[in-house]
Amino acid sequence: MTNRAAIRAEAMRLRGLFEAAGADPVETAILQPADLLLDLYGEDIRARAYVTSDALRGEQMLRPDFTVPVVQMHMAHGADPACYTYAGEVFRRQEHDPDRANEYIQAGFEVFDRANPEAADARVFALFHKVLAPLNLRAATGDIGILMAAVEGLRTPERRKAALRRHIWRPKRFRALIDRYAGRARVPESRAALLAATDPMAHAAPMIGLRSAAEIRSRIDTLREDAAAAPLSENEVALLDAILAVRETSDNALEQLRDIAVDMPAIAPAIDRLARRLDALGDAGIDVTALDFEASYGRTQMEYYDGFVFGFYAERRPDLPPVATGGRYDALTRQLGGGAEIPAVGGVIRPGLVISLGGAA
């Protein structure tokens, strides 16, 4: 097991490199208010976080990551543009894999800059690429914004689009919804009977749950509206599948996505952003002809990413989690900004993994 003091020293070394790249060091509290995280991610966050209760402050969570508190701090007090770095512990419950750490140290770098978001993406990625170069890691990139744009362009009711947007980070659930909305999935007999009934509440059992009769009727009305909506066309489903199947070097992926955009023009602005990002990466010294791009990459990471996403992996150690991850989270600044917003991108490195791979100073 790697010595904890050595990991902390490596974290401070990384933070020093980020400071040298122009970042201001910041600290955030280890205990974070649970209500904010629950509002952002719903009850799913409980499966990944340690929750406790405080008589005065209510539910609290051990810090599951740094980005949310850093965004809160910036939106309340930060300048524009701004760049921050930090290092410290995060905590993630592990209910299925006892070999994965439930407490580990991260060092991070975050950029808030509205002038040129694609250049900011390239700045963060190129810095991580340079810092991690001695480890010979494989870099993976993607763009959640392309899939989001595709969902927005579907010819289907807004309620369905909202459900698909909510489950972009849950690939199995997303696929199940696509199949259901396309009419491919069989409707359960119990639901079909419920929707066909003139008064579904006529023979209901006594009300013992938390939902009121009005809430239940509203949910039934929603299901009826969904059942009456026209199915997604086979062409739209095929185009979604084509986007999710894109896995190429970045230059070739761009051409494939441009071909898809001919039949799905809603994604064209997101493809233009990808093109500008690749130009910025090239200007930063990254060979985009050797940089992997996967359109579905990042869909199992934190749910605040809504654009460019990246990760660095040790191919010789497939048992290890990514050494570094990051991405763009513009919508999060809007959610936490009280009406204000600013494009933002950042990432974290796990110094414990850097040391285990022989990359410490």
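To be clear, the structure that these remarks concern was listed above.
None of these values were measured; they are calculated from a predicted model.

> Can you break down the overall build of the protein residue by residue, with the values?
What the protein contains, in helices and strands, is 14 helices and 12 strands. Taking all 361 residues of the protein together, 48% fall into the buried category. Counting contacts in the protein only where the partners sit at least 6 residues apart, residues at least 24 apart contribute 71% of the total. Accessible surface for the protein amounts to roughly 17700 Å². Of this, 52% is attributable to carbon and sulfur atoms.

> Tell me about the layout of surface pockets, and please be specific about residues and values.
Taken as a whole, the second largest pocket spans an internal volume of roughly 570 Å³. If you trace the second largest pocket, you find 30 residues lining it, with Met-148, Trp-169, Tyr-305, Asp-306 and Ala-331 closest to the centre. Every element with two or more residues in the lining of the second largest pocket is listed here: α2 (34-41), α4 (117-132), α5 (144-152), α6 (158-166), α12 (268-283) and α13 (330-336). Element by element, the count of residues in the lining of the second largest pocket is highest for α13, at five residues. A per-class count over the lining of the second largest pocket returns 12 nonpolar, four polar and 14 charged.

> Go over the sheet that holds strand β9 (residues 292-294) with me, naming the residues and quoting the values.
Whether parallel or antiparallel, the strands of a sheet pair through hydrogen bonds between backbone atoms. Strand order across the open sheet formed by nine strands is β1-β5-β6-β12-β11-β10-β7-β9-β8, with mixed pairing between neighbours. Either end of the sheet is taken by a strand with one partner, and the two such strands are β1 (24-25) and β8 (247-249). Examined bridge by bridge, strand β6 (residues 103-112) and strand β12 (residues 344-349) share six bridges and lie antiparallel to one another. In the sheet register, Phe-109 faces β12, and the bridge partner there is Gly-347. Against the sheet, helix α11 (residues 250-263) makes contact with β7 (138-143), β8 and β9, and its axis sits at roughly 125° relative to β8, the strand it touches most.

> Break down the packing of aromatic side chains for me, citing the residues and quoting the values.
In the structure shown here, the tally under the stated rule is 14 aromatic pairs. A centroid spacing of 5.3 Å and a plane angle of 40° characterise the contact between Phe-18 and Phe-109, whose relative ring orientation is tilted. A residue pair is termed long-range when its members are at least 10 positions apart, and Phe-18 in helix α1 (residues 4-20) and Phe-109 in strand β6 qualify at 91 residues. Note on accessibility: Phe-18 and Phe-109 belong to one class, buried. Here the aromatic residues Phe-18, Phe-109, Phe-125, Phe-128, Phe-308, Phe-310 and Phe-312 are joined through ring pairs into a cluster of three or more. Sitting over the ring of Phe-174, Arg-299 keeps its end group 4.9 Å from the ring centre. Lying across the ring of Tyr-104, Arg-350 places its NZ or CZ 3.6 Å from the centre.

> Give a detailed account of the pairing of β7, specifying residues and quantitative values.
Buried residues dominate β7, accounting for five of its six residues. Where β7 lies against strand β10 (residues 308-313), six bridges are found, and the strand directions are antiparallel. Looking at β10, one finds that Gly-142 is bridged to Val-309. Inspection of the sheet shows β7 paired to β9 by two bridges, in the parallel sense. Opposite Ala-140, over in β9, you have Asp-292 as the bridge partner.

> Would you mind going over the pairing of strand β4 (residues 58-62) in detail, with residue names and values included?
As paired strands, strand β2 (residues 31-33) and β4 are joined by three bridges and run antiparallel to one another. Residue Leu-31 lies in a different strand from β4, and its bridge partner there is Leu-62. The pairing of strand β3 (residues 51-54) with β4 spans four bridges and is classified as antiparallel. The partner of Asp-54 across the bridge, within β4, is Gly-58.

> Give me the lowdown on the packing of α4 against α12, citing residues and values where you can.
α12 packs onto α4 with a crossing angle of 45° between their chain directions and a minimal axis gap of 8 Å. With respect to α12, the axis of α4 lies oblique. When the axes of α4 and α12 are compared, the crossing they make is right-handed. Between α4 and α12, the residues in contact are Glu-118, Ala-119, Asp-121, Ala-122 and Phe-125 and Arg-273, Arg-276, Arg-277, Ala-280 and Leu-281, respectively. For the contact of α4 with α12, the per-class residue count stands at five nonpolar, no polar and five charged.

Calculation criteria
Residues numbered from 1 in each chain as written. Predicted model: local features only at pLDDT ≥ 70, side-chain atom pairs only at ≥ 80, totals over all residues. Heavy atoms only, no water. Helix = DSSP H or I, 4+ residues; strand = E, 2+ residues; numbered from the N terminus. Buried < 20%, exposed > 50% of the residue type's maximum accessible area, 1.4 Å probe, protein only. Contact = heavy atoms within 4.5 Å. Areas by Shrake-Rupley, 256 points an atom, 1.4 Å probe, with all protein chains shown as cover. 1 Å grid on protein atoms, 1.4 Å probe; cavity = no way out; pocket = protein on both sides within 12 Å on 5 of 7 lines; lining within 4 Å. Points joined across faces, edges and corners; volume = space filled by probe spheres on them. Nonpolar A, V, L, I, M, F, W, Y, C, P; charged D, E, K, R; others polar. Pairing = 2+ DSSP bridges. Axes fitted to C-alpha atoms, helices over the stretch in contact; angles between N-to-C directions. Phe/Tyr/Trp six-rings, centres within 6.5 Å; stacked < 30°, edge-to-face > 60°. Lys NZ or Arg CZ within 6 Å of the ring centre and 35° of its normal. Parallel < 35°, antiparallel > 145°, perpendicular 65-115°, else oblique. Left-handed = near helix turned anticlockwise from the far one by under 90°.

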